[in-house]
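For reference, the chains in residue letters:
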Amino acid sequence: MKNIVMLGIQGSGKGTQAELLSRTLSVPIISTGRLFRSEMEEGSELGQKIAEYVTGGELVPDELVCQAIAERVAEPDARQGFILDGFPRNARQAEELSVTLAEDGRELSDVVYIRLSESEAMNRLTGRRVCSNRKCETNFHIEFNPPQGDPEKCDRCGSPLIQRGDDRPEAIIRRFALFNSETAPLVEYYRERGLLREIDGGQSIADVAGSILEAIGD
Ligand code: AMP
């Protein structure tokens, strides 16, 4: 069973590759960012608690994130495998995740780390557009991955494309700093556990996807 974590700096192509992999393996993507944005839009209790963190590019407190993940991985569709995108983001979340899975006799199969320089990632983020439909949220890039049809509409569902609020340069810089201090140490953490599959994120979307399939042995 494939229980996968996607790791990489914002803009590395994690979300795009998670979508491709999810279709290839027929397992759900569990994206904390997506989950949080939809809670914020609904104005739920959780949404109100986290809005300040998310819009400022800060991390949401671990308790809230870990609880949301524990509930999500317990759902029936995630029992046949899953792809985590945006979680874990620090050592505490990584520990909590392994405990949550172990309680259920499960474990991670692969941690896919997409390596990309900050300057390249910054270029990609400023050109990123996402589908405004929260149920879809397909990623596009105005230059590298534009929609095939109308340049301002999503190919999959036809909704308008938007720029994410936290893709502004100030928030991006904050998110890079947090990645380097909090998330980057997870690369070594998972390497030591023999789970790390390191991928060159500078390749084309199709080549990154091919390298991932090869690395996870599928
Ligand atoms: P993303 O779409 O993964 O870039 O996430 C967007 C925002 O959601 C982040 O900047 C954080 O504010 C919040 N977030 C997402 N995942 C996590 C996480 N694992 N831990 C803490 N905050 C998170």
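Refer to the structure presented above.
Residues numbered from 1 in each chain as written. Predicted model: local features only at pLDDT ≥ 70, side-chain atom pairs only at ≥ 80, totals over all residues. Heavy atoms only, no water.

Colleague: In this structure, what is going on with the packing of helix α7 (residues 169-183) against helix α8 (residues 185-192)? I would like to understand it.
Modeller: The angle between the axes and the distance between the axes are what describe a pair of packed helices. Where α7 contacts α8, the two axes come as close as 5 Å, and the packing angle between them is 35°. Between α7 and α8, the residues in contact are N180, S181, E182 and T183 and P185, L186 and V187, respectively. Considered class by class, the residues forming the contact of α7 with α8 number 3 nonpolar, 3 polar and 1 charged. (Axes fitted to C-alpha atoms, helices over the stretch in contact; angles between N-to-C directions. Helix = DSSP H or I, 4+ residues; strand = E, 2+ residues; numbered from the N terminus. Contact = heavy atoms within 4.5 Å. Nonpolar A, V, L, I, M, F, W, Y, C, P; charged D, E, K, R; others polar.)

Colleague: Sorry, what's going on with the sheet that holds strand β5 (residues 128-131) here?
Modeller: The strands that make up a sheet are held in pairs by hydrogen bonds between backbone atoms, and each pair lies either parallel or antiparallel. A sheet is described by the order of its strands in space; here 3 strands give the open sequence β6-β5-β7, paired in antiparallel fashion. Since the sheet does not close on itself, it has two edges, and those belong to β6 (139-141) and β7 (161-162), each with one partner. Pairing analysis gives 2 bridges linking β5 to β7, with the strands arranged antiparallel. Of the residues in β7, the one forming a bridge with V130 is I162. Relative to the sheet, helix α6 (residues 118-126) contacts β5 and β6, its axis offset from that of β5 by approximately 45°. (Pairing = 2+ DSSP bridges.)

Colleague: Explain the site of the ligand to me, please; I cannot follow it from the model alone.
Modeller: Within the structure, the ligand sits among 17 residues, and T32, R37, E58, G86 and Q93 are positioned closest to it. Within the contact set of the ligand, a nitrogen atom lies 3.0 Å away from a side-chain nitrogen or oxygen of R89. Within the side chain of Q93, one N or O atom sits 2.9 Å away from a nitrogen atom of the ligand. For the ligand, whose free accessible area comes to 480 Å², the fraction covered by protein is 96%. Listed by contribution, the elements that provide at least two residues to the shell around the ligand are α2 (32-42) and α3 (45-55). Broken down by element, the shell around the ligand gets its largest block of residues, 4 residues, from α2. Classifying every residue of the shell around the ligand gives 7 nonpolar, 4 polar and 6 charged. (Near = heavy atom within 4 Å. Polar contact = N/O pair within 3.5 Å; in protein donor to acceptor, adjacent residues only side chain to side chain. Areas by Shrake-Rupley, 256 points an atom, 1.4 Å probe, with all protein chains shown as cover.)

Colleague: What exactly am I supposed to notice about the sheet that holds strand β4 (residues 110-115) here?
Modeller: The strand order across the open sheet built from 5 strands is β2-β3-β1-β4-β8, with neighbouring strands paired in parallel fashion. Two strands close off the open sheet at either side, each with one partner strand: β2 (29-31) and β8 (196-200). Along the sheet, successive strands turn relative to each other by an average axial angle of 20°, direction set aside. Where strand β1 (residues 3-8) lies against strand β3 (residues 82-85), 4 bridges are found, and the strand directions are parallel. What sits directly across from M6, in β3, is D85. Across the sheet, α8 touches β1, β4 and β8, and the angle it forms with β8 is around 130°.

Colleague: Where do I start with the nonpolar core in this structure?
Modeller: L7, F82, L84, L97, L108, V111 and Y190 are the most contacted members of the largest nonpolar core, which totals 35 residues. The greatest single-element share of this core, amounting to 5 residues, is contributed by helix α4 (residues 62-73). Beyond its immediate stretch of four places on either side in the chain, L7 contacts K14, P88, V111, V112, Y113, I114, T183, L186, V187 and Y190. Counting residues in hydrophobic clusters, the runner-up holds 14 residues, among them L25, V112, V208 and I212. (Core = buried A, V, L, I, M, F, W, Y, C linked by side-chain atoms within 4.5 Å. Buried < 20%, exposed > 50% of the residue type's maximum accessible area, 1.4 Å probe, protein only.)

Colleague: Help me out: how do you make sense of the packing of α2 against α3 in this one?
Modeller: Between α2 and α3, the shortest axis-to-axis distance is 8 Å and the interhelical angle comes to 120°. Regarding the angle of α2 to α3, the classification is oblique. The two elements α2 and α3 cross, and the hand of that crossing is left-handed. In contact with F36, E39 and M40 of α2, α3 contributes L46, G47, I50, A51, V54 and T55. Within the contact of α2 with α3, the residues separate by chemical class into 6 nonpolar, 2 polar and 1 charged. (Parallel < 35°, antiparallel > 145°, perpendicular 65-115°, else oblique. Left-handed = near helix turned anticlockwise from the far one by under 90°.)

Functional significance is not addressed by these values, which are geometric in nature.
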